[in-house]
Amino acid sequence: MRIYLTGRLMIETESGLLDEEELPARQGRIAFAYLVLHHRRPIPRLELSEALWGDNPPEAWEASLSALLSRLRGLFRKLAIKADISALSRSVHVSLPAEHWIDLDAALNALDEAEGLMRTRHARAAWPHGLVALSILERGFLQGEEQPWVIRERGRIHSGHLRALELLADITFALGETASSVHFARVCSDLEPFRESAY
């Protein structure tokens, strides 16, 4: 199972593709993204409520949250997605199959791998890893949403995006592709005009 959190939210399985439009409205998309980002730990229901509604939850927020999670579970079952959402006491946890892939995890792993290869001067081997990282990290995250946690996550993604651009500038320079190196460095400096390393 492959999960895409950047750009359009999507789940890709052997049986097909679930697009974000099939998730239960805006709150369903936000809940899905938050649960997947934090799938390694149980999430307190109050924390999930704050992720969805901030400081202004609906009066019956617990019932609304339960209904939303039930709709997500039903959608997973209908599409035979091997994932489940369980309520453990006062917390919520999403269970993903062992063989799952999440784009943001893949991007950051690829970035670390590429940087490690560059430290040992293996620019050609680092190139595809750097491209994987860039192609994911440049896609944006939950466009139109401005919750504090979304803004923080965008900041983390943006930092990774800048790292990927600088890394690709270094890789292409090492490979003698000067024009490409200048291109990646220029995109980086356009995004962050005061980033001296890009200059």
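Please refer to the structure placed before this passage.
Caption draft 1: The arrangement of the environment of Glu192 in detail. Along the chain, the position of Glu192 falls in the segment after α7 (178-191). Each C-alpha atom of the pair Glu192 and Leu162 lies 8.3 Å from the other, and the pair is 30 residues apart in sequence. If near-sequence neighbours (up to four positions away) are discounted, Glu192 is found in contact with His158 and Leu162.

Caption draft 2: Region of the structure containing the sheet that holds strand β3 (residues 16-19). Here we have four strands laid out as an open sheet, ordered β3-β2-β1-β7, and mixed in their pairing. The sheet terminates laterally at β3 and β7 (101-102), the two strands that pair on one side only.

Caption draft 3: How the structure looks around the nonpolar core. Grouped together as the largest cluster of nonpolar side chains are 64 residues, with contacts concentrated most on Ile3, Leu5, Phe32, Leu35, Leu48, Phe141 and Trp149. Secondary-structure elements contributing two or more residues to this core are α1 (25-37), α2 (45-53), α3 (61-78), β6 (91-95), α4 (103-119), α5 (123-137), α6 (148-174) and α7. In terms of residue count, α6 provides more of this core than any other element does, ten residues in total. In contact with Leu35, not counting residues within four places along its chain, are Ile43, Leu48, Leu69, Leu72, Ile85, Val92 and Val94.

Caption draft 4: Representation of α1 within the structure. Between the first and last C-alpha of α1 there are 19 Å, a value that for 13 residues agrees with the 18 Å anticipated at 1.5 Å per step. With ten of its 13 residues buried, α1 lies for the most part within the structure. Buried within α1 we find Gln27, Gly28, Ile30, Ala31, Phe32, Ala33, Tyr34, Leu35, Val36 and Leu37.

So, how was this worked out
- Residues numbered from 1 in each chain as written.
- Predicted model: local features only at pLDDT ≥ 70, side-chain atom pairs only at ≥ 80, totals over all residues.
- Heavy atoms only, no water.
- Helix = DSSP H or I, 4+ residues; strand = E, 2+ residues; numbered from the N terminus.
- Contact = heavy atoms within 4.5 Å.
- Pairing = 2+ DSSP bridges.
- Core = buried A, V, L, I, M, F, W, Y, C linked by side-chain atoms within 4.5 Å.
- Buried < 20%, exposed > 50% of the residue type's maximum accessible area, 1.4 Å probe, protein only.
- Expected span 1.5 Å × (residues − 1).

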